[in-house]
Amino acid sequence: MSNEVLHSLLKEYEQKKLKAELDLEKRKEDLYKKIPKLQQIEDELNNFAILTTKNILLHNMSSLAELNQKSEKLKQEKVYILQDAKLPSNYLKPNYECSICNDTGYISKDNYKTEMCNCLKQKLINEAFHKSNMANLDKENFNTFNENLFSNDIDVAKYRFNISPQENMKNIKQKCLEFVENFDNPDSKNLLFTGNTGLR
């Protein structure tokens, strides 16, 4: 898979992530107008986060415990307010398409390294499958193959075969079927298709 495809997908991920976060900001704005108490709680939680960082840096563990306790109380109050408003507890969180990587395409591992998320891997597989011209297998397969598209006339001078193109295609189809049916057989021979582009 080319870097160009990966780059294009990551751009798509950036857009999805941004959209989810902008949608959240709009939801917050609308909700805070209806329930101002929620914005007060959010502001207090943000202040507590700053104070917590300062206390960690100053090794002030007693104040840290108190801040954590107050923070948990505010979070619980926020949950109760959302419940009263008949809203889900995650209403004030972004609705990412992938909750594992938060629409970044990558996840962090325990060793602080990142690896590609399964959602991005699947998109790359889908792109490769689409580019392989195998995306229409439900319509273009052995069952839908129409040998009547080929001439039933024998013309050695034109086709250089003593059988008709239709009979030749039937033989080719049969060989292809045998190849598929014996694909796992190590003694089975490979197939090689040759010819100019557009010929059938």
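As the structure is a computational prediction, the values presented were derived from the model and not from experiment.

## Observations concerning helix α2 (residues 36-57)
Stage number 1. With 22 residues, α2 extends 32 Å from end C-alpha to end C-alpha; this agrees with the ideal 32 Å at 1.5 Å per step.
Stage number 2. Among all positions in α2, only Leu38, Ile41, Glu42, Leu45, Phe48, Thr52 and Asn55 are buried. Looking straight down α2, one finds that the buried residues subtend no more than 145 degrees of arc, so they occupy a single side.
Stage number 3. Following α2 by one or two positions, His59 adopts a phi angle in the positive range, close to 55 degrees.

## Considering the packing of aromatic side chains
Stage number 1. Under the counting rule described, the total for this entry stands at 2 aromatic pairs.
Stage number 2. A centroid spacing of 5.7 Å and a plane angle of 85 degrees characterise the contact between Phe179 and Phe183, whose relative ring orientation is edge-to-face.
Stage number 3. Among the residues examined, Phe183 registers a relative accessible area of 57% and is labelled exposed.
Stage number 4. Geometry around Tyr13 places Lys16 over its ring, the cationic atom sitting 4.1 Å from the centre.

## Observations concerning the packing of helix α1 (residues 3-34) against helix α4 (residues 118-131)
Stage number 1. In contact at an axis separation of 11 Å, α1 and α4 are set at 130 degrees when each is read in the N-to-C sense. In this view, α1 runs oblique relative to α4, as classed from their interaxial angle. Where α1 crosses over α4, the handedness of that crossing is right-handed. Here α1 contributes Val5, Leu6, Leu9, Leu10, Glu12, Tyr13 and Lys16 to the contact with α4, which in turn contributes Cys119, Leu120, Lys123, Leu124, Glu127 and Lys131.

## Overview of a nonpolar patch on the surface
Stage number 1. A surface patch of nonpolar side chains, amounting to about 260 Å² of accessible area, comprises Phe129, Met134 and Leu137.
Stage number 2. By secondary structure assignment, the location of Met134 is in the loop between α4 and α5 (156-159).
Stage number 3. A relative accessible area of 38% places Met134 in the partly exposed class.

## Re the pattern of salt bridges
Stage number 1. Evaluation of the coordinates by the stated rule reveals 10 salt bridges.
Stage number 2. Here Glu29 makes a salt bridge to Lys33, at a shortest N to O gap of 3.8 Å. Taken together, the positions of Glu29 and Lys33, both in helix α1 and 4 residues apart, correspond to about one turn of that helix.
Stage number 3. Given a relative accessible area of 43%, Glu29 falls into the partly exposed group.

## Some remarks on the nonpolar core
Stage number 1. By size, the foremost hydrophobic cluster in this structure holds 12 residues: Leu31, Tyr32, Ile35, Leu38, Ile41, Leu45, Phe48, Leu67, Leu74, Ile81, Leu82 and Leu92.
Stage number 2. When neighbours within four sequence positions are excluded, Ile81 is seen to be in contact with Ile35, Lys37, Leu38 and Ile41.
Stage number 3. Leu6, Cys98, Cys101 and Leu120 belong to the second largest nonpolar core, which has 10 residues in total.

## Some thoughts on the environment of Gln166
Stage number 1. Residue placement: Gln166 occurs in helix α6 (residues 165-181).
Stage number 2. Overall, the relative accessible area of 10% leaves Gln166 in the buried class.
Stage number 3. Taking the C-alpha atoms as reference points, Gln166 and Glu147, 19 residues apart in sequence, are found 6.0 Å from one another.
Stage number 4. Apart from the residues lying within four places of it in its own chain, the contact partners of Gln166 are Glu147, Asn148, Phe150, Ser151 and Asn152.

## What about the packing of α1 against α2?
Stage number 1. Contact pair α1 / α2: the axes reach a minimum separation of 5 Å and the direction vectors enclose 120 degrees. The residues of α2 that touch α1, namely those facing Lys28, Leu31, Tyr32, Lys33 and Lys34, are Pro36, Leu38, Gln39 and Glu42.
Stage number 2. Of the residues belonging to the contact of α1 with α2, the class tally is 4 nonpolar, 1 polar and 4 charged.

## Things to note about unusual backbone geometry
Stage number 1. Phi at Lys86 is positive, roughly 55 degrees, even though this residue is not glycine.
Stage number 2. Judged by its relative accessible area of 74%, Lys86 falls in the exposed class.
Stage number 3. Positive phi values are uncommon outside glycine, yet Arg160 reaches one of about 60 degrees.
Stage number 4. Mapping Arg160 onto the fold places it in the loop between α5 and α6.

Rules used in this analysis
- Note on numbering: residues in each chain are counted from 1, in written sequence order.
- For a predicted model such as this one, the threshold for reporting local features is a pLDDT of at least 70, and the threshold for listing and counting side-chain atom pairs is 80 or more; totals across whole chains, interfaces and linings nevertheless cover every residue.
- Processing note: side-chain calculations cover all non-hydrogen atoms of the structure and skip hydrogens and water entirely.
- Helix and strand assignments come from DSSP, with helices taken as H or I runs of at least 4 residues and strands as E runs of at least 2, each series counted from the N terminus.
- Under the convention used throughout, the expected extent of a helix is 1.5 Å for every residue step, that is, one less than its residue count.
- Type-normalised accessible area, obtained with a 1.4 Å probe on protein chains alone, sets the label of each residue: buried when under 20%, exposed when over 50%, and partly exposed for intermediate values.
- Starting at the helix axis, one direction is taken to each C-beta atom, and the arc is that of these directions.
- Pairing of aromatic rings covers Phe, Tyr and the six-membered ring of Trp, with a centre-to-centre limit of 6.5 Å; geometry is then stacked below 30 degrees between planes, edge-to-face above 60, and tilted otherwise.
- Ring-over charges, as used throughout, are those where CZ of Arg or NZ of Lys falls within 6 Å of the ring centre and within 35 degrees of the ring normal.
- Every axis in this analysis is a line fitted to C-alpha atoms, fitted for helices over the stretch in contact. Angles between the N-to-C directions lie between 0 and 180 degrees.
- The cut-offs work like this: below 35 degrees is roughly parallel, past 145 is roughly antiparallel, 65 to 115 is roughly perpendicular, and the gaps in between are oblique.
- Handedness of a crossing follows from how the near helix is turned relative to the far one, being left-handed for an anticlockwise turn of less than a right angle and right-handed for a clockwise one.
- When checking whether two residues touch, look at their non-hydrogen atoms; a contact exists if any pair is within 4.5 Å.
- Here a patch means residues that are over 30% exposed by relative accessible area and free of salt bridges, tied together within 9 Å if like-charged and within 5 Å if nonpolar (Val, Leu, Ile, Met, Phe, Trp, Tyr).
- Each accessible area is a Shrake-Rupley estimate made with a 1.4 Å probe; only the visible protein chains count as cover when residues are assessed.
- The term salt bridge refers to a pairing of a side-chain nitrogen on Lys or Arg with a carboxyl oxygen on Asp or Glu at a separation within 4 Å.
- Put simply, buried Ala, Val, Leu, Ile, Met, Phe, Trp, Tyr and Cys residues joined by side-chain atoms within 4.5 Å make one nonpolar core.
- Note on residue categories: nonpolar means Ala, Val, Leu, Ile, Met, Phe, Trp, Tyr, Cys or Pro, charged means Asp, Glu, Lys or Arg, and polar means any other residue, Gly included.

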